[in-house]
Protein chains: 2
Amino acid sequence: MHTESAAPATRSTVSETNRSRVLHYLYTHGISSRASIAQALGLSAAAITKITARLIDAGIIHEVGGIEGRKNRRSIGLELDPRQFHFIGVKFARSLVEIGVFNLKGETSSLTDLPPVQNDTIPDTICSIHKTINTLLDNDSSIVAIGMAVPGPYLRHEGRTAVVSSMQGWRTFNFLDEFSDAFRVPVFVEQDARAGVLAQYLLDPTSSTCRNLAYYLLGEGIGLGVIDDGRLVNGAQGGAAEIGHVSIDVNGLPCDCGNRGCLERYCSAVAIHRRLSETGIVADSDTMTHKQACHALFEQAAQGDRAAQHLVHEIGRYVGYGCVTIFNTFNPERIVLGDIVAEGGQPLLDAVHEVVDERVIPELNKATTICLSRLPADAAVIGAAAVAVTQFLEHPSRFFAIT
Amino acid sequence: MHTESAAPATRSTVSETNRSRVLHYLYTHGISSRASIAQALGLSAAAITKITARLIDAGIIHEVGGIEGRKNRRSIGLELDPRQFHFIGVKFARSLVEIGVFNLKGETSSLTDLPPVQNDTIPDTICSIHKTINTLLDNDSSIVAIGMAVPGPYLRHEGRTAVVSSMQGWRTFNFLDEFSDAFRVPVFVEQDARAGVLAQYLLDPTSSTCRNLAYYLLGEGIGLGVIDDGRLVNGAQGGAAEIGHVSIDVNGLPCDCGNRGCLERYCSAVAIHRRLSETGIVADSDTMTHKQACHALFEQAAQGDRAAQHLVHEIGRYVGYGCVTIFNTFNPERIVLGDIVAEGGQPLLDAVHEVVDERVIPELNKATTICLSRLPADAAVIGAAAVAVTQFLEHPSRFFAIT
């Protein structure tokens, strides 16, 4: 469908598109000659000379000594140095705010957890986010953008989240109003699981060749980010892929989104913590954060505690029910599990596979991989940075004066 | 994400893209001058002259007498005559095969139902599809392509359907092998609900401006076709948006896809027919087809039968549970209900709204319209033709010798 047929391509959008294509190529392929870039992108030698000259003048890419060219001739290489630019990623969860600094390849240079957030401490948290980010910006002049990952459904045009289970305070908070113009670099906001899938796509080599990818965020809430045929699925308002509020039992537990039997009532870190309080499987779980309580459960299961193992298996089955729905709604090629609950590891993944093998259409099951996130930090906090990296690669002229 | 950055744009793909953009423009805007097309598409006068000359030579578009141009000057108009080209649409359901002939605007020139299909009559049905299509082609030289809409999950690379509840015979049938080269015109196959959403998008003026659209197919099976930001959501194998196999109760009724509590076990025409057999609400329903039985139920409800009204309300609530899942997975702007069960009309739609108002996140509910299909025939059979129309508009050189 040529739905954009009426939008004229102007000279300046064409230039920016070609600049972006060159940056993407260098980002993916590393040091490359002008000739190889021109050939891969179908651009003339004259065009590539002009585009790269401007990117060099702007300080985004630079020349490196002779590399081996075609026919064994030495040729000058071009590089987009992944360490030259830094990005701040901020992840908001119900009670957790995490702030990290990453380079273009997602390598971490710092990672900080703010103190747990309660409804009545939101103003303090916001204040300390401003302070932390400003300190990072003051100490690192290579930071060029900030990405924020927030719980869904995130209404992207309004700049706020529609529902945050058990954390109503964030509901009235407008991320765009608060942060858009607050710092010396631009700020981009995205739903957390979409940020997560972007991180997998951009930064995990096994996922980056995959055009149909899902990131299944199993944290204080449950979320889903989907890339279909190389493109993020957003929905009209940015509310797509709220798997946490898909019902697995229309007569089940009520959720504060209005629905009943929402998946996140059964296997989110919050739901698991509640189960631990009710059952007493983990001693003193009431004094712990949701994350600590889940860690304690997984630790206890790993040490052979049968009740803990049984609960992990049950949680894994619920995560599996969600997986079955992901198969039947989005038919991805790969589903990556991440965040707090995914730290249940192999025993949890086994229970997920058990359900999937029982319930998924065999042809779809056979063609799909389910795995745990392999990123070095939480996918949503790296993903927040990945949102900013994507903007940098796609719209370089928003970051640098390109003449 | 510039995931296609490495695909070089060749001269011939650029020409075909521009031809397609011109055809889309004429398809959407009707008779237009070369100047207005050039301006809207950002093409030079020389380019538009060349492109349109070739389309005229190939007989796809033609000139019409002077139209009112800019500055009140008379100018020559160009037309893509919607009546000049015909398309066959074939819809396969569990037990129904419908064949229609449509023009570019989806106007029907003929519509035929084949006799109901049973597992053991599939070979006869296939034979009669060949015969019917060949007769249509012999009698109408303006037919340029055939589209087929088949139940999902349709494995598009393999050419077959993975599961057809209660109609296992179609499972082993390969649509591409059987039909690709069988006729004098090309054949295109698509999942039925995706064909349906394409028809809504292309042919219903109220939906064609909508970039996030869902067609909720409530027939012998339950399906979903989604356009997200102007693009069809397919999934890796073509298995996306199988809402009929999304569970609404993980401990519910078993389905032959392997899952439990699949939506289509509760509100498909097949499920409704089963309920009618069990309850006896419609006399002699056992002698009817699924479609006839549903019609009889809706008719009886319209005439005031309380038991029938009660069942229609209950069915509407199940359809509504599916709608809630559509909101939370795809966040469309508009959900169009169609096929056999949608003929329950306003009382059914009222029950859907009742559930949606109870259970959907208010911000999403407020921004979304739910309505019944307004197309003159079943959306999937027109949609089958719409799949072929889309190919015609996007790849004209596959249909005509363009020099």
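Refer to the preceding data block for the structure.
Residues numbered from 1 in each chain as written. Chains lettered and ligands numbered in written order. Predicted model: local features only at pLDDT ≥ 70, side-chain atom pairs only at ≥ 80, totals over all residues. Heavy atoms only, no water.

## A closer look at the overall build of chain A
Broken down by element type, chain A carries 13 helices and 15 strands. Here the C-alpha radius of gyration of chain A, 23 Å, is about what a compact globule of 403 residues would show, namely 22 Å. Counting only C-alpha atoms, chain A reaches 70 × 50 × 45 Å along its principal axes. Across the 403 residues of chain A, 60% fall into the buried class. Here the contacts in chain A between residues at least 6 apart in sequence split such that 62% fall between residues at least 24 apart. A total of about 15,400 Å² of accessible surface is found on chain A, and carbon and sulfur atoms cover 50% of it. (Helix = DSSP H or I, 4+ residues; strand = E, 2+ residues; numbered from the N terminus. Rg over C-alpha atoms; globule rule 2.2 N^0.38 Å. Buried < 20%, exposed > 50% of the residue type's maximum accessible area, 1.4 Å probe, protein only. Contact = heavy atoms within 4.5 Å. Areas by Shrake-Rupley, 256 points an atom, 1.4 Å probe, with all protein chains shown as cover.)

## What about the relation of the copies chain B and chain A?
With an RMSD of 0.1 Å, the operation that places chain B on chain A is a rotation of 180° combined with a shift of 0.1 Å along the axis. Such a combination of turn and shift is consistent with a two-fold rotation axis. Proximity to the rotation axis, assessed at the C-alpha, singles out Asp249(B) in chain B; its C-alpha lies 2.0 Å from the axis. The fraction of interface residues of chain B whose copies in chain A are also interface residues reaches 100%, indicating that both copies meet through the same surface. (Least-squares fit on C-alpha atoms with pLDDT ≥ 70 in both.)

## Notes on the side chain of Ser268(A)
All names here are of chain A. Note on placement: Ser268 falls in the loop between α7 (264-267) and α8 (269-279). According to the relative accessible area criterion, Ser268 is buried, its value standing at 2%. Apart from residues lying up to four places away in sequence, Ser268 is in contact with Gly219, Glu220, Gly221, Ile222 and Val341.

## Side note on the sheet that holds strand β7 (residues 143-150) of chain A
All names here are of chain A. With respect to topology, five strands assemble into an open sheet ordered β6-β5-β4-β7-β10, the strand pairing being mixed. Two strands close off the open sheet at either side, each with one partner strand: β6 (108-113) and β10 (187-191). The sheet shows a mean angle of 15° between the axes of neighbouring strands, direction not considered. Here five bridges tie strand β5 (residues 97-103) to β6, and the two strands are oriented antiparallel to one another. By the bridge assignment, Ile99 is partnered in β6 with Thr112. (Pairing = 2+ DSSP bridges. Axes fitted to C-alpha atoms, helices over the stretch in contact; angles between N-to-C directions.)

## What about the sheet that holds strand β13 (residues 231-232) of chain A?
Residue and element names in this part refer to chain A. As summarised here, the arrangement of the five strands in space is β13-β12-β11-β14-β15, forming an open sheet in which the pairing is mixed. The sheet is open, and its two edges are formed by β13 and β15 (369-372), each paired on a single side. Pairing of strand β11 (residues 213-218) with strand β12 (residues 222-228), which is carried by six bridges, proceeds in the antiparallel orientation. When the sheet's bridge partners are listed, Leu213 is paired in β12 with Ile227.

## Focus on the interface of chain B and chain A
The partner chain A presents 70 residues to the 70 residues of chain B that form the contact. Summing both partners gives a buried area of about 5,800 Å² for chain B against chain A, and 53% of it is carried by carbon and sulfur. Seen at the junction of chain B and chain A, the total is two salt bridges. Of the charged contacts in the structure, one is a salt bridge between Arg160(A) and Glu363(B), with a shortest N-O distance of 3.1 Å. Summed over the shared surface of chain B and chain A, the number is 32 residue pairs in polar contact (both at pLDDT 80 or more). It is helix α10 (residues 306-330) of chain B that provides the largest number of residues to the side of chain B that touches chain A, a total of seven residues. (Buried area = accessible area lost by both parts, 1.4 Å probe. Salt bridge = Lys/Arg side-chain N within 4 Å of Asp/Glu carboxyl O. Polar contact = N/O pair within 3.5 Å; in protein donor to acceptor, adjacent residues only side chain to side chain.)

## Observations concerning the packing of aromatic side chains
All chains considered together, the criterion is met by 29 aromatic pairs over all chains. Pairing Phe87(A) with Phe392(A) gives two aromatic rings, centres 5.6 Å apart and planes at 80°, and the pair type is edge-to-face. One end of the pair, Phe87(A), is in strand β4 (residues 86-92); the other, Phe392(A), is in helix α13 (residues 379-394), with 305 residues separating them in the sequence. Of the two residues examined, Phe87(A) and Phe392(A), each falls in the buried class. When the ring of Phe85(B) is compared with that of Phe400(B), the centres are 5.6 Å apart and the planes differ by 70°; the resulting orientation is edge-to-face. Here Phe400(B) lies in the segment after α13 (379-394) and Phe85(B) lies in the loop between β3 (74-79) and β4 (86-92), a separation of 315 residues in the sequence. Judged by its relative accessible area of 16%, Phe400(B) is buried. Through pairs of rings, three or more aromatic residues link up here, namely Phe85(A), Phe87(A), Phe188(A), Phe392(A), Phe399(A) and Phe400(A). The ring of Tyr27(A) carries the charged tip of Lys105(A) above its face, separated from the ring centre by 4.0 Å. (Phe/Tyr/Trp six-rings, centres within 6.5 Å; stacked < 30°, edge-to-face > 60°. Lys NZ or Arg CZ within 6 Å of the ring centre and 35° of its normal.)

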